[in-house]
Amino acid sequence: MDIVLNIKDLKTFFFTREGVAKAVNGVNLCLERSKILGLVGESGCGKSVTALSILRIVPHPGKIVSGEIFLNDVDLLKLSMEEMRQIRGNRISMIFQEPMVSLNPAFTIGNQLIEALRVHRRVTKAEARNLAIEMLRMVEIPAPERRIKEFPHQLSGGMRQRAMIAEALLLKPEILIADEPTTALDVTIQAQVLDIMYRLTQEMKTAIILITHNLGLVAEWAQYVVVLYASKVMEEGPVEAIFENAKHPYTQGLLRSIPTPTQGRRQNSEKLHEIKGVVPSLYDVPRGCTFHPRCLSCKAICSQEEPPWVTISPGHRLACWLFV
Amino acid sequence: MAWKRFMEHRIGMIGLTVILFNLFLAFAAPWIATQDPLKIEPKNIASPPSKANFFGTDGLGRDIFSRVIYGSRISLIVSLLSVLAAMVPGVILGSMAGYFGRWVDIIIMRFMDAVMSFPAILLAIGIIAVRGGSLYNVVIALSVVYTPVFYRITRGSVLSLKEKAFVEAAMASGNTPSTIIARHILPNCMAPIIVQITVSLAYAIIAEASLSFLGLGAPPPAPSWGNILSDARDFMMDAPWMTVFPGIAITLSVVGFNMFGDALRDVLDPRLK
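Calculation criteria
Every chain is numbered independently, its residues counted from 1 as its sequence is written. Written order determines the labels here, with chains lettered from A and ligands numbered from 1. Local features in a predicted model are, by the rule used here, given only for residues with pLDDT of at least 70; side-chain atom pairs are given and counted only at 80 or more, and totals for whole chains, interfaces and linings are based on all residues. Following DSSP output, two strands are said to pair if at least two bridges run between them. In DSSP terms, a helix is any run of H or I states spanning at least four residues, a strand is any run of E spanning at least two, and both are numbered starting from the N terminus. Distance between backbone-placed C-beta atoms decides contact: two residues are in contact if it is within 7 Å. Fitting a line to C-alpha atoms yields each axis, with helices limited to the stretch in contact; the angle taken between N-to-C directions then spans 0 to 180 degrees. Residues are grouped as follows: nonpolar covers Ala, Val, Leu, Ile, Met, Phe, Trp, Tyr, Cys and Pro; charged covers Asp, Glu, Lys and Arg; every other residue, Gly included, is treated as polar. Here the expected length of a helix is defined as 1.5 Å per residue gap, with one fewer gap than residues. Counting other C-beta atoms within 10 Å of a residue's C-beta gives its exposure: the residue is buried at 20 or more, exposed at 12 or fewer, and partly exposed in between, where C-beta atoms are placed from the backbone.

*Asks:* Tell me about the sheet that holds strand β1 (residues 3-16) of chain A, and please be specific about residues and values.
*Replies:* All names here are of chain A. The four strands lie next to each other as β2-β1-β4-β5, forming an open sheet whose pairing is antiparallel. Strands at the two margins of the open sheet, each flanked by one partner only, are β2 (19-32) and β5 (74-75). Where strand β4 (residues 62-71) meets β5, two bridges bridge the pair, whose relative direction is antiparallel. Bridging across to β5, Leu-71 finds its partner in Val-74. Its contacts with the sheet place helix α1 (residues 47-55) against β1, β2 and β4, and it is angled at close to 70° to β2.

*Asks:* Explain the interface of chain A and chain B to me, using residue names and the numbers behind them.
*Replies:* If you look at the interface, chain A gives 22 residues, while chain B gives 17 residues. Elements with a contribution of two residues or more to the side of chain A that touches chain B: α2 (81-87), β6 (92-95) and α3 (109-120) of chain A. With four residues, α3(A) is the largest single contributor of residues to the side of chain A that touches chain B. Class assignment of the residues belonging to the side of chain A that touches chain B gives a composition of 10 nonpolar, eight polar and four charged.

*Asks:* How would you explain helix α10 (residues 190-213) of chain B if you had to name every residue and give the values?
*Replies:* For α10(B), with 24 residues, the first-to-last C-alpha span of 34 Å sits near the 34 Å given by 1.5 Å per residue. In the stretch just after α10(B), Gly215(B) is the one whose phi turns positive, near 80°.

*Asks:* Could you give an account of the pairing of strand β7 (residues 175-179) of chain A, naming the residues involved and the relevant values?
*Replies:* All names here are of chain A. Here β7 lies mainly inside the structure; five of its five residues are buried. Burial of the side chains of β7 extends over both faces: Ile-175, Ile-177 and Asp-179 are buried on one face and Leu-176 and Ala-178 on the other. Direction of pairing for β6 relative to β7: parallel, over a ladder of four bridges. In the sheet register, Met-94 faces β7, and the bridge partner there is Ile-177. Sheet topology note: the β7/strand β8 (residues 207-212) ladder contains five bridges and is parallel.

*Asks:* Go over the environment of Glu220(A), please, and point to the residues and values.
*Replies:* All names here are of chain A. Note that Glu-220 resides in helix α8 (residues 215-221). You can call Glu-220 partly exposed: it has 14 C-beta atoms within 10 Å. On a C-alpha basis, the gap between Glu-220 and Val-239 in space is 9.0 Å, while along the polypeptide they are 19 residues apart.

*Asks:* Report on the sheet that holds strand β11 (residues 309-313) of chain A, specifying residues and quantitative values.
*Replies:* Residues and elements named next belong to chain A. The eight strands lie next to each other as β6-β7-β8-β3-β9-β10-β12-β11, forming an open sheet whose pairing is mixed. Edge positions in the sheet fall to β6 and β11, since each has one partner strand and no second. Put simply, the sheet's adjacent strands are angled 20° from each other on average, direction ignored. As defined by bridge partners, strand β3 (residues 36-40) adjoins strand β9 (residues 224-229) across four bridges and the pair is classed as parallel. Note that in β9 the partner of Leu-39 across the bridge is Val-226. Running over the sheet, helix α10 (residues 249-256) touches β9 and β10 (232-238) and is turned about 105° from β9.

*Asks:* Describe in detail unusual backbone geometry, supporting the description with residues and values.
*Replies:* Residues and elements named next belong to chain A. A cis amide bond, omega 5°, links His-60 with the succeeding residue Pro-61. Locating Pro-61 in the fold gives a position in the loop between α1 and β4. The residue Arg-56 is not glycine, and still its phi comes out positive at about 55°. Locating Arg-56 in the fold gives a position in the loop between α1 and β4. Despite not being glycine, Ser-231 shows a phi value in the positive range, around 70°. Examined against the element boundaries, Ser-231 turns out to sit in the loop between β9 and β10. Owing to 27 C-beta atoms within 10 Å, Ser-231 belongs among the buried residues under this scheme.

Structural data, given as structure tokens:
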């Protein structure tokens, strides 16, 4: 296996006036070169904070408390701020949730691409401009020579997200973190955008961390899935194993919550499944298995002790007392 | 685009015209003034407006028209310089405080609070009392007084812009804090700063006139709107033209800058439309 990113026991806490919010609490991740890893979970389960931790741009009062993040053989958490800055946007890029506001409204698309390039590479403005046009053509923006002179507000949502992808892949990073890259887009454009992203990363051998709560996307694009719940990994494994043979009650619940177009329309179809209860407050995480208050198969031990890791099949692991 | 909307803003255009007229007078003073503003004519004391002296003469027989024209130079230069000298540190400190937050913010904020806790004019008088009365010191005093205004405005806009996704994206692509501030944050908070500049210019003109009126500004023979008024004080009842014309000059330029500033606010701030 050719592993580009290896996160070991990452803990990122937010030290607020109300107490310590454990946003990421002992997350392990392993990312293979040119593969797509789907990071799924409900809102507030620590997906985005994991991403920000990798780039070490967790906003105050958040702090990475412990853990290791290896990019190839280098522990990112041991680098100086300057060394880390060299990696951001260069070897690890990120695409943010909202393409509408992720581009600077005060500058043209071209200007922003050129600047992004010149932060890390010594190229002339003319060379940078050509590379930017080239990249915009690769993300299938029509007439890039004209678009490069336009401001973000003159582009459509899908176009803007493609411009963001162009900016993120401009430096051929080893890792692309895509934080809900298509949430704000039309369903028809979603597929287009992901298709472009997939093709380009395959060419560049870039690995993707696809952060989403859309399980459909993950099933279609990812090779490996990590399910997060309340700052912890519940289950992880190859995409087939998770979608066809999910063992963890939470993963099973998630999979049953996917709506289908016919749901509730036909006479015999059941109502959309929901996982009863709410996500626990990060200030007051339940003892034992964090999922036990909402779990239908909860046992006595679940509320007492944290479940150990159990391997079901190669690569498919989960933390649940039911399988110990 | 903004310019087009500004053209349609009638009050803004009036303000702009007044400002341009004012600037023209200041630049062309030597050609417009009919007499030497410093020339004393003992035989022609306190004469009312006439063909020879459009605005009449003052208590020493000096031509008020020429003095008011020349006075616009001092008013404009002092107010422009002091607003510029207030804006630069105010914007720099404000963006640092807003961007870095925490202890940087706390330290700068305390300092600005201290400056703001004094009434503006009193603080300026205090600074001039320590440093002595000269135009140079008026500029220093006014810039100290107006720095917190720019600081507060910049800090506020930076705080809200810092939360924007494109700033986060800029961080994620490896920009240095100074690049992020200069390239991504400041260009997006120019609108409130520009508006504040024009409004501050109006205040600075009044402040300069007040200080000169109190004898703390331009040293006496030099004409400034404030000391023309001050010289005229004793003759106000008998020779009203001595106070009326410099008064009109001050009022006009202040109203001009305020109208211009309000129009800019309307044009640049989409929320107020």
